[in-house]
Amino acid sequence: MSATSTGLSAVAESRAGGEILIALEAADRRSATDSAAAIRARLSERFSGCNATVLVTTAGTDPALVDPADAPDVPPAAPTLAGAAMAGQPSVLRTVLEEADRRGARAAALLSAAHDESLDWLGHLFQPILEADFDFVSPSYRRNRFDGMLNTAIVYPLVRSLFGRRLRQPTGSEAAFSVTLARSLLAQPAWRRDPAYAGSPAWLVGSILAGACRACQAWLGRWPGGAGPAEDASHALARIVGPWFHEMERHAERWQRVEGSEPVPTFGQGAALDGERSDVDVAALEDGFRLGLRELESLWGLVLPPATLLALRRAAAAPAGKARVSDPVWARIVYDFAVAYSVRAVERQQLLRSMTPLYLGWVRGFVEDVRELDADGTEERVEALCGWFEREKRYGIARWRWPDNFNP
Amino acid sequence: MWQNTKRVFLDSVEHILNAAAQLLPSVLAMLVIFIFTLVLAIAVRSVVRRLCNKLALDRRLREWGVAPVSSDSWASPTKLLTRISFWTVLLLGLFLGLSVLDTPVASAIDLRILEYAPRLLVAFAMFAIAVGIARVVERNVLIGAVNMGMQSARLIALGARWLVVLLGAAIALDHAGVGASVVPLAFGILFGGIVFALALAVGLGAKDLVARSLQRRFPDAGSAEAPPEQEEPRGGIHHV
């Protein structure tokens, strides 16, 4: 993808100044201390008038921010780049927001790991807030085409069609925000009403996209998390997609009024990484889809309308190596599952985990389509999927409003 | 002759009237108990219905797959529970009412039924809960097995369901005091058989999966091939 890079050359230098607060989720004390020192040095070099404060987050029942030098034992951090914040855990985000508010920091960020030092990633992250009056910066990373597949298949197209803004990687737990936004978020009643959920990555991005604040995205170079620990597709689906279905419930009145989508201001250059291995086992994906249709069709019958089930049966009846879930069917399936999640047609964890074979069926077709494509071609393929999500949104709205009517 | 007949007849009538007069208070007491029981049964039915509605029992049980999704509200769990509670109270009241007649046979039967009824009710509740749990377990196991790519997912889910049903049935029968030592024995045989069948189903249906799991767990156990350091995700895709 060739992302648009927004230039800020005309912005006056004099606007820089004040405090920048960075909350770092570090693996251990040594790496936290090293990272904090490096970030401080780079920030003072990049934003000369600013005073940078780097703190590390401590895990546990009562998250706090401490100076890395004072941190007695920073516990090993879970891989949180892709939003591993668990429902029920106290939110680190709230601690960061409160600290930013207390200090009156001009900008604050919650970061998870070391970054690509060959790039001006700190500049990309804070420049929009310090020099262009943005309230929120969503970090994005260059990744292999087949990494972060849940984001490609569900979260990005869904969030884009719901809120009408093309935030490429809305699943991460990292964020940079202005103190104005921090105060606005702290004032939300969700902290009281649903403290276990408030502060999760989906809640943060959903609140921002549904609100009126100025949001942008910044490409911060290569994905720093590596391949990451392998996570079972069904668990990942329940963990990542569930909160977004919850966001659909929270902002139902807002997203039903949105039509189409528009790009968000983008800083830095983004594209998928080239030279990736393409040894994806499509046969395993296809087998998973066929097995799911055979065994879970009765369960899906509580969620999907007969027309979609018929389309799935036809897809599964294709010769070996040809079975796939098409984009329009997939878009409808995602909306149908969101509706079933909302009306609790099936227990929510069961519902999300039962979506796995359908997801594998769509991924199988996607892999086949982009196998021979370069980064730009792959992004065009993702654009086509997003187009279907936007076109099928009317279907989603109809299902949402009349969930008992299977043939809107 | 006529005088004798008249005397015998009058004696009989007097005897019957005396007996009826002696029985009348008991009959009245029985009728009062019946009416009280009927009122109590209606009240219990109303309380149970309100409680079920407040807990959204129908929706929750449908959501968990315990109750079938059906447009027939006559068969809803709330209706079932209200009917069971109504008739249970009514039947217990009936037996209680009969016991006040103070006839030896009725008293003995009533006493035994009233003693046994609570145990029977608890046993029935245990079995019903076990059946509900079994359906939840079945659906969970089915989804999990499908997501793991097990071809015999349905068989494994059914096995898991029947394990729970059998366990519940054995506990319920034991509690009700039915079958004495035969129940644990039969349960042990059936439980063992199902576990064996499940082991075969897992072993045959997902032998590759099991082999990979064992290889990861015991890397030095007889395999020349070095185990991968990290599990490769299904199909070689990183989902997160």
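Each value, and the rule that gives it
Residues numbered from 1 in each chain as written. Chains lettered and ligands numbered in written order. Predicted model: local features only at pLDDT ≥ 70, side-chain atom pairs only at ≥ 80, totals over all residues. Heavy atoms only, no water. Helix = DSSP H or I, 4+ residues; strand = E, 2+ residues; numbered from the N terminus. Buried < 20%, exposed > 50% of the residue type's maximum accessible area, 1.4 Å probe, protein only. Contact = heavy atoms within 4.5 Å. Areas by Shrake-Rupley, 256 points an atom, 1.4 Å probe, with all protein chains shown as cover. Pairing = 2+ DSSP bridges. Patch = residues over 30% accessible without salt bridge, like charges linked within 9 Å, V, L, I, M, F, W, Y side chains within 5 Å. Salt bridge = Lys/Arg side-chain N within 4 Å of Asp/Glu carboxyl O. Buried area = accessible area lost by both parts, 1.4 Å probe. Polar contact = N/O pair within 3.5 Å; in protein donor to acceptor, adjacent residues only side chain to side chain. Nonpolar A, V, L, I, M, F, W, Y, C, P; charged D, E, K, R; others polar. Axes fitted to C-alpha atoms, helices over the stretch in contact; angles between N-to-C directions. Parallel < 35°, antiparallel > 145°, perpendicular 65-115°, else oblique. Left-handed = near helix turned anticlockwise from the far one by under 90°. Core = buried A, V, L, I, M, F, W, Y, C linked by side-chain atoms within 4.5 Å. Domains from an automatic or database assignment. pLDDT = per-residue confidence, 0-100. Expected span 1.5 Å × (residues − 1). Phe/Tyr/Trp six-rings, centres within 6.5 Å; stacked < 30°, edge-to-face > 60°. Lys NZ or Arg CZ within 6 Å of the ring centre and 35° of its normal.

## Quick notes on the overall build of chain A
Next, step 1: When its secondary structure is counted, chain A shows 16 helices and 10 strands.
Next, step 2: Out of the 408 residues in chain A, the part that is buried amounts to 59%.
Next, step 3: If you take every contact in chain A between residues at least 6 apart in sequence, the share linking residues at least 24 apart comes to 83%.

## Some details on the overall build of chain B
Next, step 1: Helices and strands together make up the secondary structure of chain B, namely seven helices and zero strands.
Next, step 2: Counted from the first residue to the last, chain B has its helices and strands arranged as α-α-α-α-α-α-α.
Next, step 3: Excluding contacts between residues fewer than 6 apart, the proportion of contacts in chain B whose partners are at least 24 apart in sequence is 70%.
Next, step 4: For chain B, the exposed area adds up to about 15,700 Å²; of that, 71% sits on carbon and sulfur atoms.

## Section: the pairing of strand 5 (residues 136-142) of chain A
All names here are of chain A.
Next, step 1: A large share of strand 5 lies buried, amounting to six of its seven residues.
Next, step 2: Of the strand pairs in this sheet, strand 5 and strand 7 (residues 175-178) are connected by two bridges, and their pairing is antiparallel. Opposite F136, over in strand 7, you have F177 as the bridge partner.
Next, step 3: Both strand 5 and strand 8 (residues 215-222) contribute to a ladder of six bridges, which runs parallel. Considered in strand 8, the bridge of S138 is made with Q217.

## Looking at a nonpolar patch on the surface
Next, step 1: On the surface, a nonpolar cluster with roughly 390 Å² of combined accessible area is contributed by B:F9, B:L10, B:V13 and B:L17.
Next, step 2: Accessibility expressed as a relative area gives 54% for B:F9, which makes it exposed.

## A short note on the pairing of strand 4 (residues 107-111) of chain A
Across a regular strand the side chains alternate sides, sitting on one face of the sheet and then on the other.
Residue and element names in this part refer to chain A.
Next, step 1: When you tally the buried positions in strand 4, you get five out of five residues, the bulk of the element.
Next, step 2: Side chains A107, A109 and L111 of strand 4 all project onto a buried face; the interleaved residues A108 and L110 project onto the opposite face, where all are buried too.
Next, step 3: Two elements, strand 1 (residues 18-24) and strand 4, share five bridges in a ladder whose sense is parallel. Opposite A23, over in strand 4, you have L110 as the bridge partner.

## Topic: the interface of chain B and chain A
Next, step 1: At the interface, 29 residues of chain B touch 46 residues of chain A.
Next, step 2: Of the roughly 2,900 Å² buried where chain B meets chain A, counting both sides, 56% is carbon and sulfur surface.
Next, step 3: A salt bridge links A:R344 to B:E63; the nearest nitrogen and oxygen atoms lie 3.7 Å apart.
Next, step 4: Linking chain B to chain A there are 13 residue pairs in polar contact (both at pLDDT 80 or more).
Next, step 5: Those elements that provide at least two residues to the side of chain B that touches chain A are helix 2 (57-64), helix 4 (104-147) and helix 5 (153-176) of chain B.
Next, step 6: Of all the elements, helix 4 of chain B adds the most residues to the side of chain B that touches chain A, at eight residues.
Next, step 7: Tallied by class, residues from the side of chain B that touches chain A come to 11 nonpolar, 10 polar and eight charged.

## Describing the packing of helix 2 (residues 92-103) of chain A against helix 5 (residues 179-186) of chain A
All names here are of chain A.
Next, step 1: Relative to each other, helix 2 and helix 5 sit at 125°, their axes nearing to 9 Å. Put simply, helix 2 runs oblique to helix 5. Viewed along their axes, helix 2 and helix 5 form a crossing whose handedness is left-handed. Contact residues: R94, L97, E98, A100 and D101 in helix 2; V179, A182, R183, L185 and L186 in helix 5.
Next, step 2: By residue class, the composition of the contact of helix 2 with helix 5 is six nonpolar, no polar and four charged.

## Some remarks on the nonpolar core
Next, step 1: Counting residues in each nonpolar core, the largest one holds 120 residues, and the members touching the most others are A:I154, A:F245, A:L312, A:W330, A:F337 and A:Y359.
Next, step 2: In terms of residue count, the dominant contributor to this core is helix 12 (residues 327-343) of chain A (11 residues).
Next, step 3: A domain split of this core shows at least three residues from each of domain 1 (5-267) and domain 2 (282-406) of chain A.
Next, step 4: In this view, A:Y359 contacts A:M149, A:L150, A:A153, A:I154, A:A233, A:L237, A:W330 and B:H239; residues no more than four positions away in its chain are not counted.

## Details of the confidence of the model for chain B
Residue and element names in this part refer to chain B.
Next, step 1: When the pLDDT values of chain B are averaged, the result is 83; 86% of them are 70 or greater.
Next, step 2: The secondary-structure element of chain B with the lowest mean pLDDT is helix 7 (residues 207-217), recorded at 68, while helix 5 shows the highest, at 92.
Next, step 3: Model confidence for the complex: the whole-complex pTM is 0.84, and ipTM, which rates the interface, is 0.86.

## Quick word on helix 14 (residues 356-370) of chain A
Next, step 1: Here helix 14 of chain A is 15 residues long and its end C-alpha atoms lie 21 Å apart, about the 21 Å a rise of 1.5 Å per residue gives.
Next, step 2: Within helix 14 of chain A, 13 of the 15 residues are buried, leaving the element largely enclosed by the surrounding structure.

## Describing the packing of aromatic side chains
Aromatic rings in a pair are described by how distant their centres are and how their planes are angled relative to each other.
Residue and element names in this part refer to chain A.
Next, step 1: Counted under the stated rule, the structure contains 10 aromatic pairs over all chains.
Next, step 2: Each ring, one from W330 and one from W362, has its centre 6.2 Å from the other, and the planes form 20°; the classification is stacked. One end of the pair, W330, is in helix 12; the other, W362, is in helix 14, with 32 residues separating them in the sequence. Just as W330 is buried, W362 falls in that class too.
Next, step 3: The cationic tip of R46 hangs over the ring face of F47; the distance from NZ or CZ to the ring centre is 4.9 Å.
Next, step 4: Positioned above the aromatic ring of W223, the side-chain terminus of R143 is 3.8 Å from the ring centre.

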